[in-house]
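Residue strings, one per chain:
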Amino acid sequence: MITPHTGERPVPPLPAVWVLARVTGPSMTPTVRHGDRLLVRRLRHGRARVGDVVLARFPSRPDLLVVKRVHRVLDRGTVDVRGDNPLVTDDSRAYGPAVAVGRVVARLRPRPGRLAPPPQDQPQGQDQA
């Protein structure tokens, strides 16, 4: 068990060093989509970096395993995670700090390869003011 040092329930780690994950839902569109298969490497407590796509659990909902992007690294081994789809908020905005339990290494199916960087706040081609 991973204890987030926040006084909440412990978070279970991934069962193996390498796991396969299947995406359900639209929260990480366009980076990953519903049905994508991901290769994930288990993380040691507190090893996620800003911008990483991770599997995470919320101490407030340890049964819920989500694929999200690390928005901020917080203290005590927790991270603020957000989905790449701004219309879906089943992330730290709803459930609070998360514990990253695995880092997504690659997408295996249906479009094999590395994941794209975070989407930009502005459409490409526009200058920032």
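About the criteria used
- Residues numbered from 1 in each chain as written.
- Predicted model: local features only at pLDDT ≥ 70, side-chain atom pairs only at ≥ 80, totals over all residues.
- Heavy atoms only, no water.
- Helix = DSSP H or I, 4+ residues; strand = E, 2+ residues; numbered from the N terminus.
- Buried < 20%, exposed > 50% of the residue type's maximum accessible area, 1.4 Å probe, protein only.
- Contact = heavy atoms within 4.5 Å.
- Core = buried A, V, L, I, M, F, W, Y, C linked by side-chain atoms within 4.5 Å.
- Pairing = 2+ DSSP bridges.
- Axes fitted to C-alpha atoms, helices over the stretch in contact; angles between N-to-C directions.
- Polar contact = N/O pair within 3.5 Å; in protein donor to acceptor, adjacent residues only side chain to side chain.

Help me understand the overall build of the protein chain, please; the structure alone is not making it clear to me.
Each helix and strand in the protein chain was counted, giving one helix and six strands. Its helices and strands taken in sequence order, the protein chain reads β-β-β-β-β-α-β from the N to the C terminus. Counting all 129 residues of the protein chain, 38% fall into the buried class.

I keep staring at the environment of Thr 29 and nothing clicks. Help me out?
Inspection of the secondary structure assignment puts Thr 29 in the loop between strand 1 (18-22) and strand 2 (37-42). Thr 29 sits in the partly exposed class, given a relative accessible area of 28%. Remark: the alpha-carbon pair of Thr 29 and Gly 83, spanning 54 residues in sequence, is separated by 8.0 Å. Aside from chain neighbours lying at most four places away, what touches Thr 29 is Asp 84 and Asn 85.

I'm lost on the nonpolar core in this one. Help?
One recurring pattern in soluble globular proteins is that nonpolar side chains are buried together. Of all hydrophobic cores here, the largest spans 16 residues; its most connected members are Val 32, Leu 38, Val 40, Leu 55, Val 67 and Val 104. Taken together, the elements giving at least two residues each to this core come down to strand 1, strand 2, strand 3 (53-58) and strand 6 (99-109). Examining the composition of this core, we find that three residues originate from one element, strand 6, more than from any other. Leu 43, Val 54, Val 79 and Val 81 belong to the second largest nonpolar core, which has eleven residues in total.

I keep staring at the sheet that holds strand 2 and nothing clicks. Help me out?
Sheet strands line up and pair through hydrogen bonds in the backbone, either parallel or antiparallel. On the basis of which strands lie adjacent, the open sheet formed by six strands has the order 1-2-6-3-4-5 and antiparallel pairing. Two strands lie at the open edges of the sheet, namely strand 1 and strand 5 (79-82), each paired on one side alone. Direction aside, the axes of adjacent strands within the sheet are offset by 50° on average. Both strand 4 (residues 61-73) and strand 5 contribute to a ladder of four bridges, which runs antiparallel. Looking across to strand 5, one finds that Val 73 is bridged to Val 79.

Where do I start with the pairing of strand 3 in this structure?
Strand residues, when the strand is regular, have side chains that alternate between the two faces of the sheet. Counting buried positions along strand 3 yields six of six residues, so the element is predominantly enclosed. As paired strands, strand 3 and strand 4 are joined by six bridges and run antiparallel to one another. Paired with Phe 58 across the bridge in strand 4 is Arg 61. Between the antiparallel neighbours strand 3 and strand 4 lie two residues.

Any chance you could explain the side chain of Arg 69 here in plain terms?
Tracing the chain through its elements places Arg 69 in strand 4. Of note is the side chain of Arg 69, whose polar atom sits 3.4 Å from the side chain of Thr 31. Here the side chain of Arg 69 touches Ala 116 through a polar contact of 3.3 Å, landing on its backbone oxygen. In this structure Arg 69 touches Met 28, Thr 31, Gly 51, Asp 52, Val 53, Asp 80, Val 81, Arg 82, Asp 84, Ala 116, Pro 117 and Pro 118, once residues within four positions along its chain are discounted.

Can you walk me through the pairing of strand 2 in this structure?
When strand 1 meets strand 2, the two strands line up antiparallel, connected through five bridges. Note that in strand 2 the partner of Arg 22 across the bridge is Arg 37.

Just geometry here; none of it tells us what the structure is for.
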